[in-house]
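Report on the structure
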Amino acid sequence: MQGQGLEERHQGPLTPVPITPDASILAAADNGPLWTVSGAGAGVRYEVAAGPDDIASGEALRDQLKAGRFLGLLPIVHLLREIEHPVPWTPPPLRAAIVFDDPNLRAMSYGFLRFEELVRHAKAHRYHAVIASIPLDYGAVRTAPATLFREHVGQLSLALHGNNHEAFEFLRVDSDEEALRIVAQSLRRAADFERRTGLTISRVVCAPHEVCASTVLRALLRLDVDAVCLETPLQRRPGIPRLQSLLNGWEPAQFIENGIPLLPRYPLSYSFDDIVLRAFLDQPLIVFGHHTAVADGFGRLEKIAARINGLGDVTWASLAAIALANFQWRRVGTEFIVRPYARRIQVAVPQGTERLTVEIPPLDSGEGSWDVAAGHSRTSVTTPPDQITSVSFDGPFSSSELIELHHPHEGSPQDVPSPPQRAWPVVRRILTESRDRMMPLRRRQPRVALD
């Protein structure tokens, strides 16, 4: 993360810290150093020009580490990492994706987004684009865009974006039964689309309008969806699942409700500084927007790709691949310890490992139940609130093991009835898609001055 320029909008002027002969500058502004370190070992000393603020009503501690507000807390997080366990965790690698909500594969373009141009630009500027498509649209797909997606899996992939994409579709679901029917239909539509096209859709759901009711989150878990991808709950908007604890929001993902992982994503239109801070916290770097983000060209994509690629060795990938690598690990003797932040992770097990221990992070609130599978073994476990729960497996192990967290009452989408058929979702989708596809045409129309 070194060499990054970040904006700090601290209330009042920041007075530079004094520099001692043995001090190194860790952060500086135009008027002098703001964060220094001196000494070594037990005598190390950090000096910072600002401290954390008092936590305001409705605020979480994590709110003080975001774009424009970070200097008071970042040095403390850094210090805590320096004094952690003698065998520190190895974090997930830097992983990134740029998500476009809504486009479908009925044509080689969708609104301002032209898929061939997107592929060329992604290759040139080293990024991966995820099309969060609406399952209602999966019934009709053209051969040309499907072929393009198959031939360029390094640059393009698909994820789920709701089911019918009605207004606040996932927020207005009152019962668990209704939620199961909606989610099961979206998964059946996805599976049928995959059979017909040979494409793969990540089982990660980007909820429409960034809102999702608890009933839907529970349904996603029971129907074996890998994760939900939403704006971080720190945004505090109605309809976004709220993290209960003031100390949440620091991990590569957060297990919410009764266990669905929440992968945080970030609007493409917001400050890029927050991407740097998320990378510091080992969180996936998922930014999102709509086809209108490229209405004036691909310049914004080029800038965010350059900012992310400048952070180090970045793996650009589908949302499924990002989730699969979302874990921390460390090795103590012959024990290999893994802490997953996804329901499925693919782990490279070192030679000589005699015991594989899975540490399940606590849920945001309440108690969780899991069937934990590793290799050919499977065991059930209950996770108490706010506690890490460990499950161990004895070897031998293969060089690569798939570790899975299953809901004890997991079901199949094929066994869940469909919701009642209604004409409105189709009509609404025709109207919204027509609007999106007409936008470039309206922009090109000349304006006529009337006397």
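What counts as what
Every residue gets a number counted from 1 within its own chain, in the order that chain's sequence is written. pLDDT decides what is reported in this predicted model: residues at 70 or higher carry local features, side-chain atom pairs at 80 or more are listed and counted, and totals for whole chains, interfaces and linings draw on all residues regardless. Based on all heavy atoms of the structure, the side-chain values leave hydrogens and waters out of the count. By definition, a salt bridge exists where a carboxyl oxygen of Asp or Glu is found within 4 Å of a side-chain nitrogen of Lys or Arg. Strands here are runs of E lasting at least two residues and helices are runs of H or I lasting at least four, both read from the DSSP assignment and numbered beginning at the N terminus. The buried label goes to any residue with under 20% of its type's maximum accessible area, the exposed label to any with over 50%, and the partly exposed label to all in between, with areas taken from a 1.4 Å probe on protein chains only. For two strands to pair, DSSP has to find at least two bridges joining them. Between N-to-C directions, angles cover 0 to 180 degrees, with each direction set by a line fitted to C-alpha atoms, over the stretch in contact for helices. Contacts between residues were defined by any pair of non-hydrogen atoms, one from each residue, lying within 4.5 Å. Classification of ring pairs uses Phe, Tyr and Trp, with its six-membered ring standing for Trp, and accepts pairs whose centres are within 6.5 Å; under 30 degrees between planes counts as stacked, over 60 as edge-to-face, and the remaining range as tilted. A positively charged side chain is recorded as over a ring if its NZ (Lys) or CZ (Arg) lies within 6 Å of the ring centre. The angle to the ring normal must also be within 35 degrees. Should an angle fall under 35 degrees it is called roughly parallel, over 145 degrees roughly antiparallel, and 65 to 115 degrees roughly perpendicular, with every other angle called oblique. It is the rotation of the near helix from the far one that decides the hand of a crossing: anticlockwise by less than a right angle makes it left-handed, clockwise makes it right-handed. Here the term charged refers only to Asp, Glu, Lys and Arg, the term nonpolar to Ala, Val, Leu, Ile, Met, Phe, Trp, Tyr, Cys and Pro, and the term polar to all other amino acids, Gly among them.

Describing the pattern of salt bridges
Scanning the entire structure with this criterion turns up 28 salt bridges. The salt bridge involving Glu359 is made with Arg339; its shortest N-O contact spans 2.6 Å. Of this pair, Glu359 sits in strand E18 (residues 355–360) while Arg339 sits in strand E16 (residues 335–340), and the two are 20 residues apart along the sequence. Its relative accessible area of 12% is what places Glu359 among the buried residues.

Points about the sheet that holds strand E22 (residues 400–406)
Reading across the sheet, the four strands line up as E17-E22-E19-E20 and stay open at both edges, with antiparallel pairing between neighbours. Across the chains shown, the open sheet's two edge strands, defined by having one partner strand only, are strand E17 (344–348) and strand E20 (377–383). With strand direction ignored, the average angle separating the axes of adjacent strands in the sheet is 20 degrees. In the sheet, strand E19 (residues 368–374) pairs with E22 via four bridges, with the strands oriented antiparallel.

Observations concerning the sheet that holds strand E2 (residues 32–38)
Overall, antiparallel pairing links the three strands, which are arranged E1-E2-E3 in an open sheet. In the strand order of this sheet, the two ends are held by strand E1 (24–29) and strand E3 (45–48), each with one partner. Sheet twist, expressed as the mean angle between neighbouring strand axes with direction ignored, is 15 degrees. With four bridges joining them, E2 and E3 adopt antiparallel strand pairing. Of the residues in E3, the one forming a bridge with Trp35 is Val48. The sheet contacts of helix H1 (residues 74–82) involve E2 and E3, and relative to E3 the element is tilted by about 170 degrees.

Thoughts on the packing of aromatic side chains
When we look at a pair of aromatic rings, we describe it by the centre distance and by the angle of the planes. Within this structure, the stated rule accounts for seven aromatic pairs. For the ring pair Tyr127 and Trp316, a centre distance of 6.2 Å and an interplane angle of 65 degrees mean the geometry is edge-to-face. Residue Tyr127 is located in the loop between helix H2 (115–125) and strand E7 (129–133), and its partner Trp316 is located in strand E14 (residues 314–316); the two are separated by 189 residues in the primary sequence. Since its relative accessible area comes to 2%, Tyr127 is described here as buried. With relative accessibility at 14%, the residue Trp316 sits in the buried group. Where Tyr266 meets Tyr270, the ring centres are 5.5 Å apart and the plane angle is 85 degrees; that geometry is what we call edge-to-face. If you follow Arg62 out to its NZ or CZ, it ends over the ring of Trp250, 6.0 Å from the centre. The side chain of Arg330 reaches across the aromatic face of Trp89, ending 4.1 Å from its centre.

Quick notes on the packing of H2 against helix H3 (residues 143–151)
In the contact formed by H2 and H3, the axes pass within 11 Å of each other and the chain directions differ by 15 degrees. Comparing the axis directions of H2 and H3 gives the class roughly parallel. With respect to the hand of their crossing, H2 and H3 are arranged in left-handed fashion. Of H3, the residues touching H2 (which contributes Phe115, Glu116 and Val119) are Pro145, Leu148 and Phe149. Its residues assigned to classes, the contact of H2 with H3 comprises five nonpolar, no polar and one charged.

With respect to the pairing of strand E8 (residues 156–160)
Looking down a regular strand, the side chains alternate between one sheet face and the other. Burial within E8 is extensive, with five of its five residues counted as buried. Side chains of E8 alternate between two faces, with Leu156, Leu158 and Leu160 and Ser157 and Ala159 buried alike. Looking at chain direction, E7 and E8 are connected through five bridges and run parallel. Paired with Ala129 across the two strands is Leu156, which belongs to E8.

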